[in-house]
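Spelled out, the chains give:
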Amino acid sequence: MTNSAVLNKPKLSAKTQTIAAVTAVIAAVALPQIFHIMGAMSGLGTKLGEVFLPMHLPVILVGLLAGPYAGAAAGLLSPLVSFGLTGMPTAAMLPFMMIELCVYGLASGLLRSTKLPVIAKVLIAQISGRAVRAAVIAFAVYVLGSDKIPLSVIWTSISVGIFGLVLQWTLIPLAVYRIENRSKE
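The rules behind these values
- Residues numbered from 1 in each chain as written.
- Predicted model: local features only at pLDDT ≥ 70, side-chain atom pairs only at ≥ 80, totals over all residues.
- Heavy atoms only, no water.
- Helix = DSSP H or I, 4+ residues; strand = E, 2+ residues; numbered from the N terminus.
- Rg over C-alpha atoms; globule rule 2.2 N^0.38 Å.
- Buried < 20%, exposed > 50% of the residue type's maximum accessible area, 1.4 Å probe, protein only.
- Areas by Shrake-Rupley, 256 points an atom, 1.4 Å probe, with all protein chains shown as cover.
- Lys, Arg positive; Asp, Glu negative; His and termini not counted.
- Charge placed at Lys NZ, Arg CZ, Asp CG, Glu CD.
- Axes fitted to C-alpha atoms, helices over the stretch in contact; angles between N-to-C directions.
- Parallel < 35°, antiparallel > 145°, perpendicular 65-115°, else oblique.
- Left-handed = near helix turned anticlockwise from the far one by under 90°.
- Contact = heavy atoms within 4.5 Å.
- Nonpolar A, V, L, I, M, F, W, Y, C, P; charged D, E, K, R; others polar.
- Salt bridge = Lys/Arg side-chain N within 4 Å of Asp/Glu carboxyl O.
- Polar contact = N/O pair within 3.5 Å; in protein donor to acceptor, adjacent residues only side chain to side chain.
- 1 Å grid on protein atoms, 1.4 Å probe; cavity = no way out; pocket = protein on both sides within 12 Å on 5 of 7 lines; lining within 4 Å.
- Points joined across faces, edges and corners; volume = space filled by probe spheres on them.
- Core = buried A, V, L, I, M, F, W, Y, C linked by side-chain atoms within 4.5 Å.

**Thoughts on the overall build of the protein**
A tally of helices and strands in the protein yields 8 helices and 0 strands. In sequence order, the protein lays out its α and β elements as α-α-α-α-α-α-α-α. In terms of overall size, the protein behaves like a compact globule, its C-alpha atoms giving a radius of gyration of 16 Å where 185 residues would be expected to give roughly 16 Å. Burial analysis of the protein (185 residues in total) assigns 40% to the buried set. Within the structure as shown, the protein displays about 10,000 Å² of accessible surface, and the carbon and sulfur contribution to it stands at 73%. Here the protein contributes 13 positive and 5 negative side-chain charges, whose respective centroids are spaced 9 Å apart.

**As for the packing of helix 1 (residues 14-42) against helix 3 (residues 56-66)**
At a closest axis distance of 9 Å, the pairing of helix 1 and helix 3 adopts a crossing angle of 165°. Classified by the interaxial angle, the pair formed by helix 1 and helix 3 is roughly antiparallel. Between helix 1 and helix 3 lies a crossing whose hand is right-handed. Of helix 3, the residues touching helix 1 (which contributes Gln17, Ala20, Ala21, Ala24, Ala27, Ala28 and Leu31) are Pro58, Val59, Val62 and Ala66. Residue classes in the contact of helix 1 with helix 3 are distributed as 10 nonpolar, 1 polar and no charged.

**Let's talk about unusual backbone geometry**
Cis rather than trans, the peptide bond between methionine 88 and proline 89 has omega equal to 5°. Within the element layout of this structure, proline 89 appears in the loop between helix 4 (68-86) and helix 5 (94-110). Phi angles above zero are rare outside glycine, and leucine 53 is one such case at about 50°. Mapping leucine 53 onto the fold places it in the loop between helix 2 (47-52) and helix 3.

**Focus: the pattern of salt bridges**
Here the structure, examined in full by the defined rule, presents 4 salt bridges. A cluster of three or more residues bridged by salt bridges with shared partners is formed by Glu100, Arg130 and Arg133.

**Focus on the side chain of arginine 133**
Following the sequence through the fold, arginine 133 ends up in helix 6 (residues 118-143). Residue class for arginine 133 comes out buried when judged on its relative accessible area of 6%. Among the polar contacts made by the side chain of arginine 133, one reaches the side chain of glutamate 100 at a distance of 3.2 Å. Among the polar contacts made by the side chain of arginine 133, one reaches the side chain of serine 157 at a distance of 2.7 Å. In contact with arginine 133, other than residues within four places in its own chain, are Met93, Phe96, Glu100, Val153 and Ser157.

**Notes on the layout of surface pockets**
The gaps of empty space that remain are located by a probe, the size of a water molecule, rolled over the atoms. As a volume, the largest pocket reaches approximately 630 Å³. Considering the residues around the largest pocket, the lining is formed by 25 residues, among which Gly49, Glu50, Pro89, Met93 and Met97 are closest to the centre. Secondary-structure elements contributing two or more residues to the lining of the largest pocket are helix 1, helix 2, helix 5, helix 6 and helix 7 (153-160). Broken down by element, the lining of the largest pocket gets its largest block of residues, 4 residues, from helix 7.

**Some details on the nonpolar core**
For soluble globular proteins, nonpolar side chains are generally found buried alongside one another. Core analysis: the largest hydrophobic core is formed by 13 residues, its most contacted members being Ile60, Leu64, Leu101 and Ile172. Elements represented by at least two residues in this core include exactly helix 3, helix 5 and helix 8 (162-184). Here this core gets 5 residues from one element, more than from any other, and that element is helix 3. In contact with leucine 101, other than residues within four places in its own chain, are Met55, His56, Val59, Gly71, Gly75 and Pro79. Within the second largest apolar cluster, 9 residues are counted, among which are Met93, Phe96, Ile137 and Ile149.

**A closer look at helix 3**
The element helix 3 is largely enclosed, with a buried count of 10 among its 11 residues. What helix 3 keeps buried is the set His56, Leu57, Pro58, Val59, Ile60, Leu61, Val62, Gly63, Leu64 and Ala66. With its phi angle positive at about 105°, glycine 67 sits one or two positions after the end of helix 3.

And the structure:
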């Protein structure tokens, strides 16, 4: 990569990255619960979480702000901690979500210092995570013969989650801008 394609962002300490990852895990567990409560009150159940993808927001955000280690750790641990505390995601979906969110955090973290608009970084991370998730689901179904998850979940999750993807395109660039400019003041 040429120097013109890389931003000079400060290297964060291991302590800062760890705090960022833990904070992202907490947010990635708490946000979906808020959506599930609103869904329960409105009679939609867990559908709001599937539509707005609240677990993805803090994982992509921490990758962009703290780098690939914090992003990948937050992505890998968030679904696991959520499952341990709340039973969600379901056991059948857990490994696929762990892989998908790990890729979101890793990809956004690797893009942290690239000279791209934040929305482009979010889009690349989204495509990377969903593509890897689709490949892993296809592998589980076709190679391992799993019947725990239908192959149709690949397309369904994209079509149902479109509002969540748009929400990420809006909120994450705003949050990155706000956080990075606050630290310059």
